[in-house]
Amino acid sequence: MGSRWQTAGDLVMADVLAKYFDKLTAVNPGIVAAFRDILGERANTETSNPSLTSRILTNGTSFNYVFLQVAKQGQVDPARLAESIGFVKKEVSKALCKELLECHTWCRSELEALAAKHGDTSVPSNPGWRQAKSYRELLNATLRLLMQDGKPAAEAAAAQKLAEAQYTAQRNMTEVVNALAAVAGSSECDELRTKLLDDFVGRWEKNALIVQKWFMIQATSSHPKALDHVRELLTHRLFQPDMANFHYALTRAFGASNPKHFHDISGAGYAFIREQVLTVDKQNPSVAARIARSFDSIKKFDPKRQALMRAELEKIQAGEPSKGVFEIASRALKSLE
């Protein structure tokens, strides 16, 4: 299976790069065939295992990994790269919807069988924990692909139903968070998105760590209104501006882990981070400095992004920030010389 993993990953990477460089209109049929074959053998313990299958499904679509490959050839348009990765994911999701739905259902059945035999398999000391962890990885990988936008209405509804069922079952936090993140990133089920996000924070509002995870899910979402959502969350009753981890979970997460929206060509994402750096700097310079590092890689980006980021960094310098923030902004600007 290792060689097929490599082959499938190479094909996905090739298509992502081809899309990025305007040389692709449809995904390579070989990707669909390879994934269909791998998904079809999911129950064959001699040639497959769920954990490896889940990695095959996501191989070649990690933004940071693909970014490094593109950067070897020159400066990068990060938003375009994120869109190219999204295009390949969406096309695979449409082509393999039936197989992904079947695989998700199979994983659910296997997990239920393990639970019936061993009890709570989310506990590491449970004898069925390791095997359940493997099935759970594949369950979540298939759900993330299924929840890609752009499918026919009936297939999209089926995927949303699975996501809601996985969330509502509340079997363990891993499954719940993955289902919530999959729904939060979709632009095709806003009513369900609001319902699940409200339910989640209502259940866990007294647990600061889990609430921070809730903020982070929305900050890193691919939803078209992600930046608007982040701005609104800054005034949410559970956002604690005097605690560093809330800023890291929301503002810093947006700048560091949402390339599609942080690097939007409008420059709105850059302006937002600059605003937050200067605002937070008045109360907590060390947190502001960490947020400011969202601009660290300025030199690797295309000229348009560099110009937009330079303008915001210069505004940070002009805003009389703390020494640490000023040094970070200055270092980023100096890298362009």
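In what follows, the structure referred to is the one given above.
Conventions we followed
- Residues numbered from 1 in each chain as written.
- Predicted model: local features only at pLDDT ≥ 70, side-chain atom pairs only at ≥ 80, totals over all residues.
- Heavy atoms only, no water.
- Helix = DSSP H or I, 4+ residues; strand = E, 2+ residues; numbered from the N terminus.
- Polar contact = N/O pair within 3.5 Å; in protein donor to acceptor, adjacent residues only side chain to side chain.
- Contact = heavy atoms within 4.5 Å.
- Expected span 1.5 Å × (residues − 1).
- Buried < 20%, exposed > 50% of the residue type's maximum accessible area, 1.4 Å probe, protein only.
- Salt bridge = Lys/Arg side-chain N within 4 Å of Asp/Glu carboxyl O.
- Phe/Tyr/Trp six-rings, centres within 6.5 Å; stacked < 30°, edge-to-face > 60°.
- Lys NZ or Arg CZ within 6 Å of the ring centre and 35° of its normal.
- Axes fitted to C-alpha atoms, helices over the stretch in contact; angles between N-to-C directions.
- Parallel < 35°, antiparallel > 145°, perpendicular 65-115°, else oblique.
- Left-handed = near helix turned anticlockwise from the far one by under 90°.
- Nonpolar A, V, L, I, M, F, W, Y, C, P; charged D, E, K, R; others polar.
- Disulfide = S-S within 2.5 Å.
- 1 Å grid on protein atoms, 1.4 Å probe; cavity = no way out; pocket = protein on both sides within 12 Å on 5 of 7 lines; lining within 4 Å.
- Points joined across faces, edges and corners; volume = space filled by probe spheres on them.

J.: Where do I start with the side chain of Asp 77 in this structure?
T.: In this fold, Asp 77 is placed in the loop between helix 4 (63–71) and helix 5 (78–95). Among the polar contacts listed, one links the side chain of Asp 77 to the backbone nitrogen of Arg 80, at a separation of 3.0 Å. Apart from the residues within four sequence positions on either side, Asp 77 is in contact with Tyr 20, Asp 302 and Arg 305.

J.: Explain helix 11 (residues 208–219) here, please?
T.: Because an α-helix packs 3.6 residues into every turn, residues spaced three or four apart end up facing the same way. Its twelve residues give helix 11 an end-to-end C-alpha distance of 16 Å, which sits within 8% of 16 Å, the value for a rise of 1.5 Å per residue. Residues of helix 11 that are buried: Ile 210, Val 211, Gln 212, Trp 214, Phe 215, Ile 217, Gln 218 and Ala 219. Of the surrounding elements, those touching the buried residues of helix 11 are helix 9 (173–184), helix 10 (190–204), helix 12 (226–233) and helix 13 (244–257).

J.: Teacher, can you tell me more about the pattern of salt bridges here?
T.: For side chains of opposite charge, pairing can occur when their charged atoms come near one another. For the coordinates displayed, the defined rule picks out 19 salt bridges. Close ionic contact of Glu 99 with Arg 36 constitutes a salt bridge, the shortest N to O distance being 2.9 Å. Residue Glu 99 is found in helix 6 (residues 97–118), and its partner Arg 36 is found in helix 2 (residues 29–40); the two are separated by 63 residues along the sequence. Its relative accessible area of 36% is what places Arg 36 among the partly exposed residues. In this structure, the salt-bridge partner of Arg 136 is Glu 175, at a minimum N-O distance of 3.0 Å. Of this pair, Arg 136 sits in helix 7 (residues 129–146) while Glu 175 sits in helix 9, placing them 39 residues apart in sequence. Residue Arg 136 is classed as buried on the basis of its relative accessible area of 8%. With a relative accessible area of 0%, Glu 175 lands in the buried category. Overlapping salt bridges bring together Arg 108, Glu 112, Arg 136, Arg 171 and Glu 175 as one network.

J.: Looking at this structure, I do not really get the side chain of His 223. What am I missing?
T.: One can find His 223 in the loop between helix 11 and helix 12. Among all residues touching His 223, those that are not within four sequence positions of it are Ala 184, Gly 185, Ser 186, Ser 187, Asp 190, Arg 193, His 229 and His 261.

J.: How do you make sense of the packing of aromatic side chains when you look at a structure like this?
T.: Aromatic ring pairs are defined here through the distance separating the ring centres and the angle between the ring planes. Throughout the structure, instances matching the rule amount to 13 aromatic pairs. Among the aromatic side chains, those forming a connected cluster through ring pairs are Phe 254, Phe 262, Tyr 270, Phe 272 and Phe 295. In this structure, Lys 19 is placed above the aromatic ring of Phe 87, and the distance from its NZ or CZ to the ring centre is 4.1 Å. Residue placement shows Arg 290 over the ring face of Tyr 248; its charged tip is 4.1 Å from the ring centre.

J.: I would appreciate a short explanation of the packing of helix 10 against helix 11 in the present structure.
T.: To characterise two packed helices, one gives the angle between the axes of the helices and the distance between these axes. For the pair helix 10 and helix 11, the least separation of the axes is 9 Å and the interaxial angle reads 160°. The angle between the axes of helix 10 and helix 11 places the two elements in the roughly antiparallel class. The hand of the helix 10/helix 11 crossing is left-handed. Contacts between helix 10 and helix 11 pair Arg 193, Leu 197, Phe 200, Val 201 and Trp 204 from the former with Ile 210, Val 211, Trp 214 and Gln 218 from the latter. By residue class, the composition of the contact of helix 10 with helix 11 is seven nonpolar, one polar and one charged.

J.: Could you clarify how one ought to interpret the environment of Ala 226 in this entry?
T.: Position of Ala 226 relative to the elements: it lies in helix 12. What makes Ala 226 buried here is its relative accessible area of 0%. Each C-alpha atom, one on Ala 226 and one on Ala 271, is 15 Å from the other, the two residues being 45 residues apart in sequence. Contact partners of Ala 226, with chain neighbours within four places excluded, come to Gln 218, Ser 221, Asn 258 and His 261.

J.: Just to check I follow, could you spell out the state of the cysteines for this structure?
T.: Two cysteines form a disulfide when their sulfur atoms are joined by a covalent bond. Summed over the entire model, instances satisfying the criterion amount to zero disulfides. Just so you know, Cys 189 is unpaired, no disulfide at all, and the nearest cysteine sulfur is the one on Cys 97, 14 Å from it. Exposure remark for Cys 189: the relative accessible area of 6% places this residue in the buried category.

J.: Any chance you could explain the layout of surface pockets here in plain terms?
T.: As a volume, the second largest pocket reaches approximately 190 Å³. Surrounding the second largest pocket, Asp 190, Arg 193, Thr 194, Leu 197, Asp 198, Trp 214, Gln 218, His 223, His 229, Glu 232 and Leu 233 form its lining. Mapped by element, the contributors of at least two residues to the lining of the second largest pocket are helix 10, helix 11 and helix 12. In terms of residue count, helix 10 provides more of the lining of the second largest pocket than any other element does, five residues in total. Residue composition of the lining of the second largest pocket, by class: three nonpolar, four polar and four charged.

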